[in-house]
Amino acid sequence: MVPKIAIAAAMIFSVFASIAELRAQVRPTQDATRNSSVAAGHAYAAKMCAQCHDISSRIDDQFARARPPSFYAVANAKTTSAIGLNAFLVTPHAPMPNFIIEPGDRKNIIDYILSLRNESAPST
Ligand code: HEC
């Protein structure tokens, strides 16, 4: 006969395993829809920025110095801040003619880019 303790341990293990599974499924969408400005920023980026930038894959191409960089690389660069992004996004964007982003869209896009920050990386 299997000892009760082993059955209990197996049950506890399977509960943890299914929690881990659920979290793995939920995570990617949770990040993109953390709040409505992030979701709106993602939609805007998909329309206005994705033809040049990789807007969502979590590949840090900053070491490859990809031009233009992925938004993930922008988000995780040490020098990136909301203020810096705002300043960058109100100045002309070299390859783009008439690069004008309305203030509301700018806030959304900044919220979206910063939502790609790798939370597990040590903050500096
Ligand atoms: C026509 C192509 C093109 C489009 C469209 C475009 N970008 Fe860019 N973007 C670039 C290029 C090229 C660079 C790199 C410029 C450089 O190296 O000086 C860049 C750089 C950037 C950077 C600075 C990255 C860094 O840290 O060096 C940000 C932030 C950025 N873009 C945001 C956006 C946003 C937001 C949109 C959409 C609203 C957008 N871009 C649309 C081509 C584009």
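Keep in mind it's a predicted model, so treat the numbers as computed, not measured.

Quick look at the overall build of the protein now. Scanning the protein from N- to C-terminus turns up five helices and zero strands. Written out in order from the N terminus, the α and β elements of the protein read α-α-α-α-α. With 124 residues in all, the protein has 15% of them scored as buried. Taking contacts inside the protein between residues at least 6 apart in sequence as the whole, the part at least 24 apart equals 51%.

This brings us to helix 5 (residues 103-115). Here helix 5 spans 18 Å end to end across 13 residues, near enough to the 18 Å set by a 1.5 Å rise per residue. Three or more residues of helix 5 are buried, namely Asn108, Ile109, Ile110, Asp111, Tyr112, Ile113 and Ser115.

Around the ligand, a shell composed of 20 residues is seen, among which Met48, Cys49, Cys52, Pro68 and Pro95 lie nearest. Ranked by residue count, the leading element in the shell around the ligand is helix 4 (residues 82-89), at three residues. Looking at side-chain class alone, the shell around the ligand contains 16 nonpolar, three polar and one charged residues.

What follows concerns the packing of helix 2 (residues 36-48) against helix 5. Packing of helix 2 against helix 5 brings their axes to within 7 Å, and their N-to-C directions diverge by 100 degrees. Judged by the inter-axis angle, helix 2 sits roughly perpendicular to helix 5. Judged by residue contacts, Ser37, Val38, Ala40, Gly41, His42, Tyr44 and Ala45 of helix 2 engage Asp105, Lys107, Asn108, Ile109, Asp111, Tyr112 and Ser115 from helix 5. Grouping the amino acids of the contact of helix 2 with helix 5 by side-chain chemistry returns six nonpolar, five polar and three charged.

Calculation criteria
- Residues numbered from 1 in each chain as written.
- Predicted model: local features only at pLDDT ≥ 70, side-chain atom pairs only at ≥ 80, totals over all residues.
- Helix = DSSP H or I, 4+ residues; strand = E, 2+ residues; numbered from the N terminus.
- Buried ≥ 20, exposed ≤ 12 C-beta atoms within 10 Å, placed from the backbone.
- Contact = placed C-beta atoms within 7 Å.
- Expected span 1.5 Å × (residues − 1).
- Near = placed C-beta within 6 Å.
- Nonpolar A, V, L, I, M, F, W, Y, C, P; charged D, E, K, R; others polar.
- Axes fitted to C-alpha atoms, helices over the stretch in contact; angles between N-to-C directions.
- Parallel < 35°, antiparallel > 145°, perpendicular 65-115°, else oblique.

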